[in-house]
Amino acid sequence: LVTLARVQMESGRPEDARATAERAVARGAGYGNEVLAQLLLARAANADMVISDLETTAMEVALQRKGAIDEATAVLVVEMAKLQAMTVGGTEDYVVTREFKALATDEQRLNMVRACFLIGAANGSISAEESAVANEIAIELDIDAPTLAGLRAEFKEQMSAIQEMRRMTGAG
């Protein structure tokens, strides 16, 4: 299904690709929160309209690290999530976040936002767009402002604005 949707996108049929992506994600729904989590991470990774190989690998490793999904399944779930992020987005983003929030504990919600920042930092720098999407996801998951500020502080050195400021001033 993932390959079919890619072919549909490349042949100028995004509406067909969207339907195929939705079927692929629905088939992966048996993995529960894992698929929802990957959809959120793909949303964060796609903030700058590009999901890099580094971001893809980071998502695959995160899935396998939990031990519930083998490598081949992790690759499939991540590819489905990437396809969904690139073809659907918008309203679906909110629906996925709402469903994840309903199933997740407070700790899981906090870890999801942290993972969004980690995915953004996969290439060494979190862009303004990636940061904005991670912030948006945090708000949708009801992460309060002080907690979000603490998470952002964990990634201060990877923020592109901080890196650019340091580059311009010759610091760090």
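Attention here is on the structure that accompanies the text.

Reading guide: rules and limits
- Residues numbered from 1 in each chain as written.
- Predicted model: local features only at pLDDT ≥ 70, side-chain atom pairs only at ≥ 80, totals over all residues.
- Heavy atoms only, no water.
- Helix = DSSP H or I, 4+ residues; strand = E, 2+ residues; numbered from the N terminus.
- Buried < 20%, exposed > 50% of the residue type's maximum accessible area, 1.4 Å probe, protein only.
- Contact = heavy atoms within 4.5 Å.
- Phe/Tyr/Trp six-rings, centres within 6.5 Å; stacked < 30°, edge-to-face > 60°.
- Salt bridge = Lys/Arg side-chain N within 4 Å of Asp/Glu carboxyl O.
- Core = buried A, V, L, I, M, F, W, Y, C linked by side-chain atoms within 4.5 Å.
- 1 Å grid on protein atoms, 1.4 Å probe; cavity = no way out; pocket = protein on both sides within 12 Å on 5 of 7 lines; lining within 4 Å.
- Points joined across faces, edges and corners; volume = space filled by probe spheres on them.
- Nonpolar A, V, L, I, M, F, W, Y, C, P; charged D, E, K, R; others polar.
- Axes fitted to C-alpha atoms, helices over the stretch in contact; angles between N-to-C directions.
- Parallel < 35°, antiparallel > 145°, perpendicular 65-115°, else oblique.

### Details of the overall build of the chain
- Counting its secondary structure elements, the chain contains ten helices and zero strands.
- Each helix (α) and strand (β) of the chain, taken in turn from the N terminus, gives the series α-α-α-α-α-α-α-α-α-α.
- Per-residue burial for the chain yields a buried fraction of 43% across its 172 residues.
- Restricting the contact set of the chain to residue pairs at least 6 apart, pairs at least 24 apart contribute 69%.

### Examining the packing of aromatic side chains
- Tallying each qualifying case throughout the model produces one aromatic pair.
- Measuring from centroid to centroid gives 5.5 Å for Phe117 and Phe155, while their planes differ by 20 degrees, and the two rings are stacked. Of this pair, Phe117 sits in helix H7 (residues 106–120) while Phe155 sits in the loop between helix H9 (145–154) and helix H10 (160–169), and the two are 38 residues apart along the sequence. For the pair Phe117 and Phe155, one class covers both residues: buried.

### Some words on the pattern of salt bridges
- Within the structure shown, the criterion is met by eight salt bridges.
- Of the charged contacts in the structure, one is a salt bridge between Arg166 and Glu157, with a shortest N-O distance of 2.3 Å.
- On the accessibility criterion, Glu157 (41% relative accessible area) is partly exposed.
- Linking Arg167 and Glu164 is a salt bridge whose minimum nitrogen-to-oxygen distance equals 2.4 Å. With Arg167 and Glu164 both in helix H10 and three residues apart, the pair spans about one turn of that helix.
- Arg167 sits in the exposed class, given a relative accessible area of 57%.
- Each member of the salt-bridge network shares a partner with another, and the members are Arg43, Glu136 and Glu140.

### What to know about the nonpolar core
- Within the largest apolar cluster, 41 residues are counted, with the highest numbers of intra-cluster contacts made by Phe100, Met112, Val113 and Phe117.
- At the level of elements, helix H3 (33–45), helix H4 (53–65), helix H5 (71–87), helix H6 (91–103), H7, helix H8 (128–140) and H9 are the ones that each hand at least two residues to this core.
- Looking at this core, the element that brings in the most residues is H3, giving nine residues.
- Setting aside residues no more than four positions away along its own chain, Met112 makes contact with Ala37, Leu40, Leu41, Phe100 and Leu141.

### A few points about empty space enclosed by the protein
- Evaluated as defined, the whole model comprises one cavity of 30 Å³ or more.
- In this structure, the largest cavity occupies an estimated 90 Å³ of space.
- What lines the largest cavity is a set of eleven residues, and nearest its centre among them are Leu39, Arg43, Gln84, Asp93 and Val96.
- At the level of secondary structure, the elements contributing two or more residues to the lining of the largest cavity comprise H3, H5 and H6.
- Counting residues per element, the lining of the largest cavity draws most heavily on H6, at four residues.
- Its residues placed into classes, the lining of the largest cavity shows five nonpolar, three polar and three charged.

### Examining the packing of H7 against H8
- In the contact formed by H7 and H8, the axes pass within 9 Å of each other and the chain directions differ by 170 degrees. Our classification of the angle between H7 and H8 gives roughly antiparallel. Seen from H7, the contacting residues are Val113, Cys116, Phe117 and Gly120; seen from H8, they are Glu130, Ser131, Ala134, Asn135, Ile137 and Ala138.
- Across the contact of H7 with H8, the residue classes tally to six nonpolar, three polar and one charged.

### Structural notes on the environment of Asn33
- Within the secondary structure layout, Asn33 lies in helix H3.
- For the pair Asn33 and Lys101, spaced 68 residues apart in the sequence, the C-alpha separation amounts to 9.6 Å.
- Every residue in contact with Asn33, bar those within four places of it in the chain, is listed here: Phe100, Leu103, Ala104 and Gln108.

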